[in-house]
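Each chain, letter by letter, is given below.
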Amino acid sequence: MLIGVPKEIKNHEYRVGMTPASVRELNDSGHLVMVETLAGNGIGSSDEDYIAAGAEIVNSASEIYARAEMIVKVKEPQAAERAMLRPQQLLFTYLHLAPDAEQTHDLIASGATCIAYETITSAQGGLPLLAPMSEVAGRMSIQAGAHVLEKAQGGRGMLLGGVPGVAPAKVVIIGGGVVGSNAAQMALGARAQVTVLDRSTQALARLDKEFNGAVKTVYSTQDSLEEYVLDADLVIGGVLIPGAAAPKLVTEAMVKAMKMGSVLVDVAIDQGGCFATSKATTHEDPTYVVDGVVHYCVANMPGGVAMTSTYALNNATLPYIMKLANVGWKKALQQDVHFLAGLNVHAGKVTNKHVAEALGYDYVPPETVVTDVTAQLVA
């Protein structure tokens, strides 16, 4: 298969779809990988590194999109990239379509087959290609939140862990999944006072055991959310409904009642955000203030630590890229129902139920797409 890796063009996005090591694996299996020049600079990998791994370096994204059978990226394609997608071309990347009507419209119009990292599932019930970036974002959320709590950044002027004789900051984490557990780990390491809210008693029990009772676990209700959010110095939003828009758990009224200079970090912003006052920001201009509360809502947070993020992501995506290249997307998805869950758009049809419901499209079950295609091939 001819695979293309374009340079990411989203604001301050330094990650890249494939590392030189991943390119070498594909090359050794008989596949050709084209990489846009300078695509790996953000992770310290030069064109020469990719050439040594067997890649062909090309000068423009347009050549990648014109020639490649499969496009491997990190972030959702921007408008200029979507305009270059073609029918029967395969796109494999993060998409986060539910809150993004414009992108969804363009992918439908392209006729391409679009598989989203974030909706691929596992037999254990997890999201294996979202997990590594959730780990990074969860850990970064505390790092970012601690910085924004500084007075010069608009925050309350608090040190996350306090000092002897001065109380630490109160960190409230909404959601006890991968983001929440990683955020709790970092916050505890900084000696903050940490509370995690979740509606899953299993998740709360897991966190209680994982942190040996050092993290306060609270069942999430409207009452408990209000109580803990209003008393917090730093709130991390880490809720997720796979493929769907994030629920708005913190209302405008709650934000208005929070402490002046307190901080909200919305890790769910890729899916629309879980705070009513959230709007996507960039690494270039990461924060804004609503009712005296500082909001950090960077939509590509892991892009700020591109080297760590890219290698963590490639560890997870490489087996899937290899399978798509070796047997083609039809057979790969037919053989694995969890991989099939990643199919979001195919040939002008929306094949993810949450995306269809969120944006008002007719839903076409992905298994019928694979079955129909296979039946046609057999016939």
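Going by the structure above, here's the rest.
Structure report, in brief. This structure is a prediction, so every number in the text was calculated from the model and none was measured.

Some points on the packing of aromatic side chains
Tallying each qualifying case throughout the model produces 4 aromatic pairs. Taking the centre distance of 4.7 Å and the plane angle of 85° together, the rings of Phe92 and Tyr117 count as edge-to-face. In this pair, Phe92 sits in strand E5 (residues 90–93) while Tyr117 sits in the loop between strand E6 (113–116) and helix H6 (131–148), placing the two residues 25 residues apart along the sequence. With a relative accessible area of 0%, Tyr117 lands in the buried category. For the ring pair Tyr94 and Tyr117, a centre distance of 4.8 Å and an interplane angle of 85° mean the geometry is edge-to-face. On the criterion of sequence distance, the pair formed by Tyr94 in the loop between E5 and helix H5 (101–110) and Tyr117 in the loop between E6 and H6 is long-range, its members being 23 residues apart. By relative accessible area, which is 3% here, Tyr94 ends up buried. Joined through ring pairs, the aromatic side chains of Phe92, Tyr94, Tyr117, Tyr320 and Phe339 make up one cluster. Lys279 extends its terminal NZ or CZ atom over the ring of Tyr288, reaching a point 4.7 Å from the ring centre.

Overview of helix H9 (residues 222–231)
Among all positions of H9, only Ser224, Leu225, Tyr228 and Val229 are buried. Seen end-on, H9 carries its buried residues on one side only, within an arc spanning 115°. For H9, the exposed residues lying more than 90 degrees away from the buried face are Asp223 and Glu227. Residues of H9 that are buried sit in contact with strand E7 (170–174), strand E8 (193–198), strand E9 (216–219), strand E10 (234–237) and helix H10 (252–257).

Notes on the nonpolar core
Residues Phe92 and Ile115 are the most contacted members of the largest nonpolar core, which totals 73 residues. Counting residues per element, this core draws most heavily on helix H11 (residues 306–327), which supplies 9 residues. With 21 residues, the next largest nonpolar core counts Ile71, Leu97, Leu107 and Val345 among its residues.

Describing the sheet that holds E6
Spatial strand order, E3-E2-E1-E4-E5-E6-E14-E15: 8 strands in an open sheet with mixed pairing. Two strands in the sheet have a free side with no partner beyond their single neighbour: strand E3 (56–58) and strand E15 (349–350). The sheet strands contacting H11 are strand E1 (2–5), strand E4 (70–72), E5 and E6, and the helix crosses E5 at an angle near 170°.

Description of the packing of helix H1 (residues 20–28) against H11
Direction vectors running N to C along H1 and H11 enclose 15°, while the axes themselves pass 10 Å from each other. With respect to H11, the axis of H1 lies roughly parallel. Pair H1 / H11 crosses with right-handed handedness. Here Pro20, Ser22, Glu25 and Leu26 of H1 lie close against H11, whose contacting residues are Tyr311, Asn314, Leu318, Ile321, Met322 and Ala325. Split by residue class, the contact of H1 with H11 holds 7 nonpolar, 2 polar and 1 charged.

What about the pattern of salt bridges?
Scanning the entire structure with this criterion turns up 16 salt bridges. In this structure, the salt-bridge partner of Lys73 is Glu8, at a minimum N-O distance of 2.8 Å. Placement of the pair is Lys73 in the loop between E4 and helix H4 (79–82) and Glu8 in the loop between E1 and H1, with a sequence separation of 65 residues. Side by side, Lys73 and Glu8 carry an identical accessibility label, which is buried. One salt bridge connects Arg67 with Glu63, and the closest N-O pair in it is separated by 2.9 Å. Note that Arg67 and Glu63 are positioned in helix H3 (residues 61–67) at a spacing of 4 residues, about one turn of the helix. Residues joined by salt bridges that share partners form a network here, namely Arg156, Lys170, Asp231, Asp233 and Lys259.

Section: a nonpolar patch on the surface
A surface patch of nonpolar side chains, amounting to about 280 Å² of accessible area, comprises Leu159, Val163 and Val166. Relative to the helices and strands, Val163 resides in the loop between H6 and E7.

Rules used throughout
- Residues numbered from 1 in each chain as written.
- Predicted model: local features only at pLDDT ≥ 70, side-chain atom pairs only at ≥ 80, totals over all residues.
- Heavy atoms only, no water.
- Phe/Tyr/Trp six-rings, centres within 6.5 Å; stacked < 30°, edge-to-face > 60°.
- Helix = DSSP H or I, 4+ residues; strand = E, 2+ residues; numbered from the N terminus.
- Buried < 20%, exposed > 50% of the residue type's maximum accessible area, 1.4 Å probe, protein only.
- Lys NZ or Arg CZ within 6 Å of the ring centre and 35° of its normal.
- Arc of directions from axis to C-beta.
- Contact = heavy atoms within 4.5 Å.
- Core = buried A, V, L, I, M, F, W, Y, C linked by side-chain atoms within 4.5 Å.
- Pairing = 2+ DSSP bridges.
- Axes fitted to C-alpha atoms, helices over the stretch in contact; angles between N-to-C directions.
- Parallel < 35°, antiparallel > 145°, perpendicular 65-115°, else oblique.
- Left-handed = near helix turned anticlockwise from the far one by under 90°.
- Nonpolar A, V, L, I, M, F, W, Y, C, P; charged D, E, K, R; others polar.
- Salt bridge = Lys/Arg side-chain N within 4 Å of Asp/Glu carboxyl O.
- Patch = residues over 30% accessible without salt bridge, like charges linked within 9 Å, V, L, I, M, F, W, Y side chains within 5 Å.
- Areas by Shrake-Rupley, 256 points an atom, 1.4 Å probe, with all protein chains shown as cover.

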